[in-house]
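# Coordinate inspection notes
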Amino acid sequence: MKEPTTQAAVVRENVRLSPYTSWLVGGPADFLVEPQSEEDLSAGIAFGCERGLPITILGGGTNVLISDKGIRGLVIALKKFSGLSAEVRDGRLSIEALSGTSKSELLKTFLKNKLEPAIFLAGLPGDVGGGVVMNAGIGEMLKPREFVEITDAVEVWNWNSDGQIQKKKMLARELTWSYRHCEGWREAAGASLIAKVWMSWPHEPKEDVLSRVRSANQVRLTKQPLDMPSCGSVFVNPPGTSAGRVVEAAGLKGFAVGGAKVSEKHANFIVNTGAATASEIAQVIRHVQKTVREKAGIELKTEVVWLGDWA
Ligand SMILES: Cc1cc2nc3c(=O)[nH]c(=O)nc-3n(C[C@H](O)[C@H](O)[C@H](O)COP(=O)(O)OP(=O)(O)OC[C@H]3O[C@@H](n4cnc5c(N)ncnc54)[C@H](O)[C@@H]3O)c2cc1C
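## Concerning the overall build of the protein chain
- Looking only at helices and strands, one finds 7 helices and 16 strands in the protein chain.
- The C-alpha atoms of the protein chain give a radius of gyration of 20 Å, which matches the 19 Å a tight globule of 311 residues would have.
- In terms of its C-alpha atoms, the protein chain occupies a principal-axis envelope of roughly 55 × 50 × 30 Å.
- Each of the 311 residues in the protein chain was classed as buried or not, and the buried ones make up 50%.
- The contacts of the protein chain with a sequence gap of at least 6 include a subset with a gap of at least 24, amounting to 63%.

In structure tokens form, the structure reads like this:
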């Protein structure tokens, strides 16, 4: 079949999304575009708007559960929309990154300069844009430990149904940041994305940054089931405790439906043991929520974002 093309990017039809997620599950997108430039991205948005398609944004796919039925409309996958530049200015390392730039690229830039943000970024998967949207970070009391502390500003693209795009620079302090969440940039669901992120940190090199990055990676290897597909922590920590502890206390380690299993190593991870479906992962999530509600009276909320057709 001939692939529809926009002015710049190629739009593919009926594309399986499982390879675009760290859980390796999820059905097809009706249409998928993978922009590599601002021109591609504008053309992708125009393609969706001209056909009246709902538009869904995918970053690194490391915090999403995509339905087995897939996602209707157009998915814009930003992984290839990447690139960063860095310079030392006014005593700070200032970085400008396209939102699809991987966090590991960002880590390398901080590491090259021996700066502390490299430590919390160690082992954090996904892209910079997803890092902002999820206010990704770690539980340990380090400084910095979350994206809110290193982000100065973002460039938001908003569009209307005619495909007219408005680009707006928003300062980090104009956004609403909370635990694993950032709001205030989105004008309307399905009609906004973060295209660029500006970050900075005092240029005060520390000699122990590399060894601390190595030990952070080592801790993850020891504590997390990194040998199996997952999306990291599935549940947000409830106030005053950790979700993993609560799930473990409810006796749910090892609970499985088909190929989806609560990890024996870390109870807040649900791993794909080989051939899990999104529906099996969803069943495990719901069973964990129900059991923890009944046994501990705690309402576990998912950190993972549910995308696609779950009706
Ligand atoms: C092994 C493993 C370990 C993990 N450890 C951690 C951890 O320690 N701490 C932590 O915070 N997270 C962790 N995560 C979860 C995940 O990596 C983070 O939440 C990450 O920041 C998500 O980024 P992403 O690019 O993959 O976003 P995605 O999963 O692709 O998207 C997440 C959400 O953001 C939206 N989105 C993504 N990019 C954009 C954009 N540019 N504009 C608008 N919307 C966008 C998507 O629509 C979706 O709603 C882990 C995941 C794995 C697999």
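## A look at the sheet that holds strand E15 (residues 270-272)
- An order of E13-E14-E15 is seen for the 3 strands of this open sheet, with the pairing classed as antiparallel. Bordering the open sheet on either side are strand E13 (256-257) and E15, each of which pairs with just one other strand.
- The sheet contact formed by strand E14 (residues 260-262) and E15 spans 3 bridges and is antiparallel. Counted as the bridge partner of valine 262 is isoleucine 270 from E15.
- In this fold helix H7 (residues 278-296) packs onto E13, E14 and E15, with an angle of close to 30 degrees to the strand it touches most, E14.

## A short note on the site of the ligand
- Near the ligand, the surroundings consist of 34 residues, among which Ile57, Gly59, Gly60, Thr62 and Gly137 are the closest.
- At 2.8 Å from an oxygen atom of the ligand is found a main-chain nitrogen or oxygen belonging to glycine 61.
- Between the ligand and the protein, one listed contact pairs an oxygen atom with a side-chain N or O atom of lysine 103 at 2.8 Å.
- Expressed as a share of its isolated accessible area of 980 Å², the protein-covered part of the ligand is 92%.
- Elements supplying a minimum of two residues to the shell around the ligand: strand E3 (55-58), helix H4 (128-133) and strand E12 (192-202).

## A word on the sheet that holds strand E6 (residues 84-89)
- An order of E6-E7-E12-E8-E9 is seen for the 5 strands of this open sheet, with the pairing classed as antiparallel. Since the sheet does not close on itself, it has two edges, and those belong to E6 and strand E9 (165-171), each with one partner. In this sheet, neighbouring strand axes are inclined to one another by 15 degrees on average, regardless of whether the strands run parallel or antiparallel.
- Pairing of strand E8 (residues 151-159) with E9 involves 7 bridges; the strand directions are antiparallel. Directly across from valine 154, in E9, lies its bridge partner methionine 170.
- Across the sheet, helix H1 (residues 38-50) lies against E8, E9 and E12, angled at about 40 degrees from E8, the strand it touches most.
- Contacts from helix H2 (residues 103-112) reach E6, strand E7 (92-98) and E12, with the element oriented near 160 degrees to E7.

## Quick word on the environment of glutamate 149
- Among the structural elements, glutamate 149 can be located in the loop between H4 and E8.
- When the C-alpha atoms of glutamate 149 and isoleucine 45 are compared, they prove to be 31 Å apart, with 104 residues separating the residues in sequence.
- A polar side-chain atom of glutamate 149 sits 2.8 Å from the main-chain amide nitrogen of arginine 145.
- At 3.0 Å, the side chain of glutamate 149 and the backbone nitrogen of glutamate 146 are in polar contact.

## What about H1?
- Its 13 residues place the ends of H1 18 Å apart at the C-alpha level, agreeing with the 18 Å of an ideal helix rising 1.5 Å per residue.
- Listed as buried for H1 are Asp40, Leu41, Ala43, Gly44, Ile45, Phe47, Gly48 and Cys49.

## Section: the pattern of salt bridges
- On inspection of all chains with the given rule, the structure shows 21 salt bridges.
- Of the charged contacts in the structure, one is a salt bridge between glutamate 34 and lysine 80, with a shortest N-O distance of 3.6 Å. Of this pair, glutamate 34 sits in the loop between strand E2 (28-33) and H1 while lysine 80 sits in the loop between strand E5 (71-77) and E6, and the two are 46 residues apart along the sequence.
- Judged by relative accessible area, lysine 80 falls into the partly exposed class, the value being 42%.
- Glutamate 155 is the salt-bridge partner of lysine 196, the closest N and O atoms lying 3.9 Å from each other. Of the two residues, lysine 196 sits in strand E12 while glutamate 155 sits in strand E8, which places them 41 residues apart along the sequence. Across the pair, glutamate 155 and lysine 196 agree in class, each one buried.
- Linked by salt bridges that have partners in common, Glu38, Glu96, Glu155, Lys167 and Lys196 make up one network.

## Some thoughts on the domain arrangement of the protein chain
- We note that the domain assignment places domain 1 (11-77), domain 2 (84-211) and domain 3 (225-307) within the protein chain.
- Between domain 1 and domain 3, the C-alpha centre-to-centre distance is 26 Å.
- Each partner contributes to the interface: domain 1 provides 15 residues, whereas domain 3 provides 19 residues.
- Carbon and sulfur atoms supply 62% of the area that domain 1 and domain 3 bury against each other, a total of about 1300 Å² over both sides.
- Sorting the residues of domain 1 by area buried against domain 3 places Trp23, Asn63 and Leu65 first, and these three jointly supply 56% of that buried surface.
- At the junction of domain 1 with domain 3, the criterion picks out 0 salt bridges.
- Our count for the contact surface shared by domain 1 and domain 3 stands at 9 residue pairs in polar contact (both at pLDDT 80 or more).
- Going through the elements one at a time, E3 and strand E4 (64-66) are the ones with two or more residues in the side of domain 1 that touches domain 3.
- Here the side of domain 1 that touches domain 3 is composed, by residue class, of 9 nonpolar, 5 polar and 1 charged.

Thresholds, definitions, all that
- Residues numbered from 1 in each chain as written.
- Predicted model: local features only at pLDDT ≥ 70, side-chain atom pairs only at ≥ 80, totals over all residues.
- Heavy atoms only, no water.
- Helix = DSSP H or I, 4+ residues; strand = E, 2+ residues; numbered from the N terminus.
- Rg over C-alpha atoms; globule rule 2.2 N^0.38 Å.
- Buried < 20%, exposed > 50% of the residue type's maximum accessible area, 1.4 Å probe, protein only.
- Contact = heavy atoms within 4.5 Å.
- Pairing = 2+ DSSP bridges.
- Axes fitted to C-alpha atoms, helices over the stretch in contact; angles between N-to-C directions.
- Near = heavy atom within 4 Å.
- Polar contact = N/O pair within 3.5 Å; in protein donor to acceptor, adjacent residues only side chain to side chain.
- Areas by Shrake-Rupley, 256 points an atom, 1.4 Å probe, with all protein chains shown as cover.
- Expected span 1.5 Å × (residues − 1).
- Salt bridge = Lys/Arg side-chain N within 4 Å of Asp/Glu carboxyl O.
- Domains from an automatic or database assignment.
- Buried area = accessible area lost by both parts, 1.4 Å probe.
- Nonpolar A, V, L, I, M, F, W, Y, C, P; charged D, E, K, R; others polar.

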